[in-house]
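Residue-level listing of the chains:
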Amino acid sequence: AICISMSVKNELQNWIKNNHINTKKSFTIEKFHLGVEVDNRMASTGSFLNSKAIINKISSKVTFLIVGTIEPRKSHKEVLDTFEELWKENIDVNLVIVGKEGWLVKKLIERLENHSELNKRLFWLVSVSDEYLGNIYNASACLIAASKSEGFGLPLIEAAQHGLPIIARDIPVFREVAGEHAHFFQNKANTESLTKSIKEWLDLYKSNLHIKSNNLSLLSWKDSTENLVKIIKEDNK
């Protein structure tokens, strides 16, 4: 078995042990990390109606970005609850959500579609090109990685590629991927921890004392693929 992070490898090992799964003596579990696209020649291009206007709005104030399919484990509801609290306190920031509708989120989607801040300080972009997503990363101030569970967390290294700071939930895989290059908030099932963390980050950001992602270790997809091939070749010796 080949896993995309040490965290997933550990989870699989524990699952096998806890469920008393019998494996062959030759069975091994390996891991490798995912990469980012360094050569943009293969990236999808294009934008859509009002795309420039949206970028201008994103650039006009501090903007927090979430990237990923909208589903319960990614905690979009918790993030939206948090930003509603911030807006009530007259903290004038944007929230941009990039990702299509997933599963078990009908109520949240209705809430997004009918939100009073939609296209004002709240933006939901369902499908964007690689080129336009890059523009959004560049126009934003901070990525929020709020997932309760992930296999890797590709947006973290995409953010680092664009020099975008990161606020991440304190879960093992995000610690593994981001290390000391992210601002972590406690993994609790309420908005208090994230709200507090965003306020702390904003105070640091004003003085340019926030944690930067520039030195986060990145692999290209070529490097990532070579690591994967190396694992397969070694396993077949």
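Before reading on, note that the structure itself is shown above.
Residues numbered from 1 in each chain as written. Predicted model: local features only at pLDDT ≥ 70, side-chain atom pairs only at ≥ 80, totals over all residues. Heavy atoms only, no water.

## Here's the deal with the side chain of glutamate 71
Looking at the secondary structure, you find glutamate 71 in the loop between strand E3 (63–67) and helix H3 (76–88). The buried category is assigned to glutamate 71, whose relative accessible area is 7%. Side chain to side chain, glutamate 71 and arginine 73 meet in a polar contact 2.9 Å long. Among residues more than four places away in sequence, those in contact with glutamate 71 are His76, Trp103 and Val105. (Helix = DSSP H or I, 4+ residues; strand = E, 2+ residues; numbered from the N terminus. Buried < 20%, exposed > 50% of the residue type's maximum accessible area, 1.4 Å probe, protein only. Polar contact = N/O pair within 3.5 Å; in protein donor to acceptor, adjacent residues only side chain to side chain. Contact = heavy atoms within 4.5 Å.)

## Things to note about helix H4 (residues 106–113)
Taken together, the buried positions of H4 are Leu108, Ile109 and Leu112. Seen along its axis, H4 keeps its buried residues to an arc of 100°; they face one direction. Exposed residues on H4 whose side chains face more than 90 degrees from its buried face are Lys106 and Lys107. The inward-facing, buried residues of H4 abut H3, strand E4 (94–98) and strand E5 (122–125). (Arc of directions from axis to C-beta.)

## Considerations on the nonpolar core
Grouped together as the largest cluster of nonpolar side chains are 36 residues, with contacts concentrated most on Leu65, Ile136 and Leu143. Of all the elements, helix H5 (residues 130–139) adds the most residues to this core, at five residues. Beyond its immediate chain neighbours, meaning those up to four positions away, leucine 65 contacts Val96, Val98, Ile136, Tyr137, Ser140, Cys142, Leu143, Ile144 and Leu164. Ranked by size, the runner-up nonpolar core spans 28 residues in total, among them Phe64, Val93, Leu122 and Ala146. (Core = buried A, V, L, I, M, F, W, Y, C linked by side-chain atoms within 4.5 Å.)

## Quick word on the packing of H3 against helix H8 (residues 192–206)
Put simply, H3 and H8 touch, their axes get as near as 9 Å, and they point 55° apart. The angle between H3 and H8 falls in the class oblique. Crossing of H3 over H8 shows right-handed handedness. Taken together, the residues of H8 that come into contact with H3 (itself represented by Glu78, Val79, Thr82, Phe83, Glu85 and Leu86) are Leu194, Thr195, Ile198 and Lys199. (Axes fitted to C-alpha atoms, helices over the stretch in contact; angles between N-to-C directions. Parallel < 35°, antiparallel > 145°, perpendicular 65-115°, else oblique. Left-handed = near helix turned anticlockwise from the far one by under 90°.)

## Remarks on unusual backbone geometry
For serine 75, which is not a glycine, the phi torsion comes out positive at approximately 65°. Checked against the element boundaries, serine 75 lands in the loop between E3 and H3. Judged by its relative accessible area of 2%, serine 75 is buried. For asparagine 119, which is not glycine, the phi torsion reads 65° and is therefore positive. Relative to the helices and strands, asparagine 119 resides in the loop between H4 and E5. On the basis of relative accessibility, which here comes to 43%, the residue asparagine 119 falls in the partly exposed class.

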